[in-house]
Amino acid sequence: MTLAQYLPAADQLIIFAILLGTLVLFVWDRWRYDVVALIALFVSVITGVVPARDAFQGFADPAVVTVAAVLVLSGAIRSSGLLDVILRPILPKLKQPDVQVISLSFMVAALSAFMNNVGALAIMLPVALRVAQRTGRPPAALLMPLAFASLLGGLVTLIGTPPNILISAIRHDMVGEGFTMFDFTPVGLGVALAGVVVIGFGWRLIPINRRGERAGEDKFRVEDYTTEVRVPPTSPYVGRNIGSLEALGGGDVTVAAIFRENYRRYVPHGHSMLQADDILLLEGDPLAVKQVVDAAKVELVGGAEAPHDPSGDGYGVVEAVVTTSSPLVGTSPAELGLRRRFGLNLLAIGRHDRRAITRLKSVRLRPGDVLVLQGRLAAMPDTLGELGCLPLAERNLRLGRPRWLWLPALAMGVAVLASALNIVPVSIAFLGAVLVLLMAGALPLKDAYSSVDWPVIVLLGALIPVSEALRTTGATDLIAGLLAQATTGLPPIAALALILVATMLITPVLNNAATVLVMAPIGGGLAQNLGLSPDAFLMAVAIGASCDFLTPIGHQSNTLVMGPAGYRFGDYWRLGLPLSLTVIAVALPLIAIFWPMR
């Protein structure tokens, strides 16, 4: 073979230049990655390497639909409260540092196997912060292990992470059949278990003397909300004492007062017995209050008249802070006619000093009070402006919404089973699960749309045609030929290691989905040039693209924990480097065993 055989043609030079420019823009980080992807697509069309008629074919790709559906289902499970019920008896037992790290890492990895890994981390992040607060440990000791474990868990199944879904689609294009739901499990599970073990012992390498930023939900003292509830005759806690009710909140909820017998106010103690139709003032963290409301089957007094809106587009819950110029200052909701004049229900009040508040409708509001309001979302901005209140960032507070505990998880499970048994394609199975939740009213339509990470969807839709241009121009064959020359005389495992390590080095710079779209065709081409099965090389790309443990910028999970834990850029490699070496050492033999190259 001569060097001339490996000189790129004009269209190959163009696609290489586009990819290099895309890489530079990703690293520069001046524009968001979805905008960069659209620029790459636009330039590819203008230069002719992507036909104009195929420019938007990526958005119709089943892989894109599957990613969006998995994100929606992950959001529905996160909002259902099922995990609150499961985790409540476990959290008090997490006292020793090693037990905390291993247990929380195992939990998030298990969740990430069947959910989007960022969604799994989002569920466990407040749990880890609460554990750290209760045990007096710095969050930095727990959050990086959680982020890394969420990436490891995504390796286990087809739906665990978008790269796996993309790899399956690319395999379908190559050999006519994609990977199935649990094809990733033999390799992914072994790598994930080994990784969690390394995390369990290696967390000591993390600089834990970092001070994190206060999380968005901690900028106001959310633990001092006061919520008014009624104990209906059907509540299982009628006839039980106050202490048992407070225990449902894990120590983060206090019954500040009881109103009964023509609204006489009682100051309760732990042995006070609850009666039907008692009005209780609950003080505490809003998530813990939600646990009590759901488990004890009590009713929010302020939301009792809220109309049912199955579409989710009309009524919702927002939080707002009372400003100094607000007309609410010095008045009560009853005097102001909050419901009658403005169509708002007051569900809870947050106040800094934790003083016991009287009935919510009678409390005199002050500047700085945080109100949990329920009303028509379309009119909410204007109403809050008229009331002189500033809306707070969304905290996913679900007070006053109907609870669907098992349905989202059940829908996800049925979709997994249907796709695993090849009854229907993966994209159709998960789209069907989303439709079931929407039609049952378990998933408000606006929540479905807000659960989708639209920049990722745009990134995938824009880069899929660019990735395809690598193949159609012969650029992947060119690169694969050069790699085949470089590995001549070496055992096949060396070529596999080259692809795995190269992918792991690229993914901190590119988005992991973009890394797959670039590296999978190259890996498959290398396998064909060497006369080997492409499956092992595609599996190596899937593992490598999801295993970014060296920087905070390669994956959203790593970025998500950086602020709350106070990590610096150079902190990640301390645990990430031994974890990356472990992945390489474990993944290569497992791939060779379960996906023979010959």
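Calculation criteria
- Residues numbered from 1 in each chain as written.
- Predicted model: local features only at pLDDT ≥ 70, side-chain atom pairs only at ≥ 80, totals over all residues.
- Heavy atoms only, no water.
- Helix = DSSP H or I, 4+ residues; strand = E, 2+ residues; numbered from the N terminus.
- Buried < 20%, exposed > 50% of the residue type's maximum accessible area, 1.4 Å probe, protein only.
- Contact = heavy atoms within 4.5 Å.
- Areas by Shrake-Rupley, 256 points an atom, 1.4 Å probe, with all protein chains shown as cover.
- Axes fitted to C-alpha atoms, helices over the stretch in contact; angles between N-to-C directions.
- Parallel < 35°, antiparallel > 145°, perpendicular 65-115°, else oblique.
- Left-handed = near helix turned anticlockwise from the far one by under 90°.
- Nonpolar A, V, L, I, M, F, W, Y, C, P; charged D, E, K, R; others polar.
- Expected span 1.5 Å × (residues − 1).
- Pairing = 2+ DSSP bridges.
- pLDDT = per-residue confidence, 0-100.
- Phe/Tyr/Trp six-rings, centres within 6.5 Å; stacked < 30°, edge-to-face > 60°.
- Lys NZ or Arg CZ within 6 Å of the ring centre and 35° of its normal.
- Core = buried A, V, L, I, M, F, W, Y, C linked by side-chain atoms within 4.5 Å.
- Salt bridge = Lys/Arg side-chain N within 4 Å of Asp/Glu carboxyl O.
- Polar contact = N/O pair within 3.5 Å; in protein donor to acceptor, adjacent residues only side chain to side chain.
- Patch = residues over 30% accessible without salt bridge, like charges linked within 9 Å, V, L, I, M, F, W, Y side chains within 5 Å.

(A) Examining the overall build of the protein more closely. Scanning the protein from terminus to terminus reveals 24 helices and nine strands. Burial analysis of the protein (598 residues in total) assigns 55% to the buried set. Considering only intrachain contacts with a sequence separation of at least 6, the fraction spanning at least 24 residues in the protein is 79%. Surface accessibility of the protein: about 25300 Å² in total, with carbon and sulfur atoms responsible for 63%.

(B) Spatial organisation of the packing of helix α1 (residues 10–28) against helix α2 (residues 33–47). As a packed pair, α1 and α2 sit with axes 10 Å apart at the nearest point and diverge in direction by 165°. Classified by the interaxial angle, the pair formed by α1 and α2 is roughly antiparallel. Crossing handedness for the pair α1 and α2: right-handed. Judged by residue contacts, I14, I15, I18, T22, L25 and F26 of α1 engage Y33, V36, A40, V43, S44 and T47 from α2. Each residue belonging to the contact of α1 with α2 can be placed in one class, and the counts come to nine nonpolar, three polar and no charged.

(C) Representation of helix α9 (residues 185–202). Over its 18 residues, α9 extends 24 Å from the first C-alpha to the last, a length consistent with the 26 Å expected when each residue adds 1.5 Å. Of the residues making up α9, those classed as buried are T185, V187, G188, V191, A192, G195, V196, I199, G200 and G202. Where α9 is buried, its residues touch α5 (97–112), α7 (140–153), α22 (534–546) and α24 (572–594).

(D) Inspection of the pairing of strand β7 (residues 345–350) at higher detail. Here β7 lies mainly inside the structure; six of its six residues are buried. With five bridges joining them, β7 and strand β8 (residues 370–376) adopt antiparallel strand pairing. Bridge pairing in β8 places G350 opposite V370.

(E) Broad picture of the confidence of the model for the protein. Chain-level pLDDT for the protein is 82 on average; 88% of the residues reach the 70-or-more range. In the model, residues 212–223 has pLDDT below 50 throughout and makes 22 contacts with residues more than four positions away in sequence or in other chains. Confidence drops under a pLDDT of 50 for residues 304–313, and excluding neighbours within four residues, the segment shows 17 contacts in the predicted structure.

(F) The arrangement of the packing of aromatic side chains in detail. Applying the stated criterion across every chain yields a total of seven aromatic pairs. Ring centres 5.1 Å apart and planes at 70° place the aromatic pair F148 and F549 in the edge-to-face group. Of this pair, F148 sits in helix α7 while F549 sits in the loop between α22 and α23 (556–565), and the two are 401 residues apart along the sequence. The positively charged end of R171 is found above the aromatic ring belonging to F179, 4.7 Å away from the centroid.

(G) Representation of the pairing of strand β4 (residues 279–284) within the structure. The buried fraction of β4 amounts to six of the six residues, a majority that puts the element mostly inside the structure. Across six bridges, the pairing between strand β2 (residues 253–260) and β4 is antiparallel. Of the residues in β4, the one forming a bridge with V255 is L282.

(H) Layout of the nonpolar core. Counting 142 residues, the largest nonpolar core has M124, F430 and F537 as its most contacted members. Not counting the four nearest positions on each side in its chain, F430 is found in contact with A69, V70, L73, I159, M181, M412, A415, V416 and S419. By size, the runner-up hydrophobic cluster in this structure holds 23 residues, among which are I242, L280, A296 and V372.

(I) Here's a closer look at the pattern of salt bridges. Evaluation of the coordinates by the stated rule reveals eight salt bridges. Among the ionic pairs, R204 bridges to D98, the shortest N-O distance being 2.8 Å. Of this pair, R204 sits in the loop between α9 and β1 (225–230) while D98 sits in helix α5, and the two are 106 residues apart along the sequence. In this structure, the salt-bridge partner of R230 is E299, at a minimum N-O distance of 2.8 Å. With a gap of 69 residues between them, R230 in strand β1 and E299 in strand β5 (residues 299–300) connect regions that are remote in the sequence. The structure contains a network of salt bridges with shared partners spanning R230, D277 and E299.

(J) Region of interest: the environment of D34. The residue D34 is located in helix α2 in this model. Sequence separation of D34 and L460 is 426 residues, and the distance between their C-alpha atoms is 8.4 Å. If we ignore the near neighbours within four places in the chain, the residues touching D34 are P455, V458 and L459.

(K) Expanded view of the side chain of R171. Summarising the element assignment, R171 is placed in helix α8 (residues 162–175). Residue R171 is classed as buried on the basis of its relative accessible area of 11%. In this structure the side chain of R171 is engaged in a polar contact, spanning 2.9 Å, whose partner is the backbone oxygen of E177. Residues contacting R171, with those up to four places away along its chain left out, are G176, E177, G178, F179, D535 and L538.

(L) Expanded view of the environment of V561. By secondary structure assignment, the location of V561 is in helix α23. Relative accessible area serves as the criterion here: at 0%, V561 is assigned to the buried category. Apart from the residues within four sequence positions on either side, V561 is in contact with L121, L125, L143, A147, Y567 and Y572.

(M) Here's a closer look at the side chain of D61. With respect to the helices, strands and loops of the structure, D61 is situated in the loop between α2 and α3 (62–80). When near neighbours in sequence (up to four residues on either side) are disregarded, D61 contacts A169 and I464.

(N) Structural view of the environment of L91. By the secondary structure assignment, L91 is in the loop between α4 (82–87) and α5. For L91, a relative accessible area of 15% translates into the label buried. Between the C-alpha atoms of L91 and L104, which are 13 residues apart in sequence, the distance is 9.5 Å. Residues in contact with L91, not counting those within four places in the same chain, are V127 and V131.

(O) Spotlight on a nonpolar patch on the surface. Residues W28, W31, V35, I39, F42, V43 and I46 make up a contiguous nonpolar surface patch of about 680 Å² in total accessible area. Residue position: W31 is located in the loop between α1 and α2. Exposure remark for W31: the relative accessible area of 40% places this residue in the partly exposed category.

(P) Quick peek at unusual backbone geometry. Its identity as a non-glycine residue notwithstanding, K297 has a phi of 55°, on the positive side. With respect to the helices and strands, K297 occurs in the loop between α11 (286–296) and β5. If you check the backbone angles, N422 has positive phi at about 60° while not being a glycine. Turning to its location among the elements, N422 is positioned in the loop between α15 (407–420) and α16 (426–440).

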